[in-house]
Amino acid sequence: MATLTTNINYLQATSFKLLVDRKHYPNLEFFCQSVSHPGMTMSAVETPFRKTAIPLPGDTLVFGELSCQLILDEDMNSYTEMFNWMRRNLDNINSTSLDRTSRDAPSYADITLSILSSHNNQTRQIRYIDCIPTSIGDIQFESTSAGTEYLTFAAQFRFIYFELLGKNASTGSINASLKERTLQDGSTILEPTIYDSA
């Protein structure tokens, strides 16, 4: 049975932190200005009955794209990092983070969005599994710009699914135990299973 939350504080748009594979994609994490959490849809299966159709729950979830807005540094390192990731995926055979023989960065990376409270304490995480970049947005250079305006560009990612990771009410940490997950290449790894105590 669902209960009413005891925390009635509203979530602020600035209360987030993006975490990516810091070894291979440090600029994506540092220069991220905004994140758009994607929606998901489950199409209903309609069963005809007399003069109407009865909707039944579907069996497939379709996720939108994860969209990030990144500020552009003077050396364009944040842009170059995204560009290299896309070119590497296009030119090379896909590799995962568990591939010990590959010297390249993995083709896939998990992206974690940490949700923060009004006191900047982590309350929840959204983990996007096996993300790949699908597009890099335009950069608008303009000589008639008034004042100091910093350039930004959009980066979009596709992923397999996302997980909502809950907080332990007594300890304040993200609860986890290990479960087995099968990767796209057929190998299996142990990863946390999250129990939402909310």
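Within every chain, residues take consecutive numbers counted from 1 along the sequence as written. Two thresholds apply to this predicted model, a pLDDT of at least 70 for residue-level local features and 80 or more for giving and counting side-chain atom pairs, whereas whole-chain, interface and lining totals are computed over all residues. Note that water and hydrogens are dropped before the side-chain values are worked out from all heavy atoms of the structure.

1. Some points on the overall build of the protein
Here comes step 1: To qualify as a helix, a DSSP run of H or I must reach at least 4 residues; to qualify as a strand, a run of E must reach at least 2; elements of each kind are numbered from the N terminus. Across its full length, the protein holds 2 helices and 13 strands.
Here comes step 2: The buried label goes to any residue with under 20% of its type's maximum accessible area, the exposed label to any with over 50%, and the partly exposed label to all in between, with areas taken from a 1.4 Å probe on protein chains only. Split into buried and exposed, the 198 residues of the protein put 31% on the buried side.
Here comes step 3: In what follows, residue pairs with any heavy atoms lying within 4.5 Å of each other are defined as contacts. Put simply, 58% of the contacts in the protein that link residues at least 6 apart link residues at least 24 apart.
Here comes step 4: In short, Shrake-Rupley with a 1.4 Å probe defines the accessible areas, and a residue's cover is counted only from the protein chains shown. Summed over its atoms, the accessible surface of the protein is roughly 13,500 Å², and 52% of this surface lies on carbon and sulfur atoms.

2. A closer look at the pairing of strand β4 (residues 45–49)
Here comes step 1: At least two DSSP bridges between two strands are needed for those strands to be called paired. Bridging between β4 and strand β5 (residues 52–56) involves 5 bridges; their strand directions are antiparallel. Considered in β5, the bridge of Phe-49 is made with Thr-52.
Here comes step 2: The antiparallel pairing of β4 with β5 creates a hairpin that spans 2 residues between the two strands, and Arg-50 there sits at a positive phi of about 55°.

3. Describing the environment of Lys-167
Here comes step 1: By the element assignment, Lys-167 lies in the loop between β11 (161–165) and β12 (177–182).
Here comes step 2: Taking the C-alpha atoms as reference points, Lys-167 and Gln-122, 45 residues apart in sequence, are found 8.3 Å from one another.

4. Regarding the side chain of Gln-125
Here comes step 1: Take Gln-125: it is sitting in strand β9 (residues 122–136).
Here comes step 2: Within 3.5 Å is the distance limit for a polar contact, defined as a pair of N or O atoms, with the added protein rule that one can donate a hydrogen and the other accept it, and that residues adjacent in sequence qualify only through two side-chain atoms. Looking at Gln-125, its side chain comes within polar contact range of the side chain of Gln-122, at 3.1 Å.

5. Focus on the state of the cysteines
Here comes step 1: Cysteine sulfurs are considered disulfide-paired once they come within 2.5 Å of each other. Tallied over the full model, the rule gives 0 disulfides.
Here comes step 2: Here Cys-32 is not cross-linked by a disulfide; its sulfur's nearest cysteine counterpart is in Cys-68, at 4.6 Å.
Here comes step 3: Overall, Cys-68 belongs to the buried group, its relative accessible area being 1%.

6. Remarks on the packing of aromatic side chains
Working definition: an aromatic ring pair is given by the centre-to-centre distance plus the angle between the planes.
Here comes step 1: Each pair of aromatic rings taken from Phe, Tyr and Trp, with Trp reduced to its six-membered ring, is defined by centres within 6.5 Å and is described as stacked if the planes are under 30 degrees apart, edge-to-face if over 60, and tilted in the remaining cases. All told, the structure shown has 9 aromatic pairs when counted by the stated rule.
Here comes step 2: With centroids separated by 5.6 Å and ring planes inclined at 45°, the aromatic side chains of Phe-63 and Phe-159 adopt a geometry described as tilted. Taken together, the residues Phe-63 in strand β6 (residues 62–63) and Phe-159 in the loop between β10 (152–158) and β11 connect sequence positions 96 residues apart. Of the two residues examined, Phe-63 and Phe-159, each falls in the buried class.
Here comes step 3: Relative to Phe-162, the ring of Phe-63 has its centre 5.3 Å away and its plane inclined at 65°; by these criteria the two rings are edge-to-face. Here Phe-162 lies in strand β11 and Phe-63 lies in strand β6, a separation of 99 residues in the sequence.
Here comes step 4: One aromatic cluster in this structure is built from Phe-63, Tyr-128, Phe-159 and Phe-162.

7. Thoughts on the side chain of Ser-114
Here comes step 1: Positionally, Ser-114 belongs in strand β8 (residues 109–116).
Here comes step 2: Ignoring sequence-local partners within four residues, the contact set of Ser-114 consists of Ser-15, Phe-16, Lys-17, Leu-19, Gln-122, Arg-124 and Gln-125.

All quantities given are derived from atomic positions and should not be read as evidence of function.
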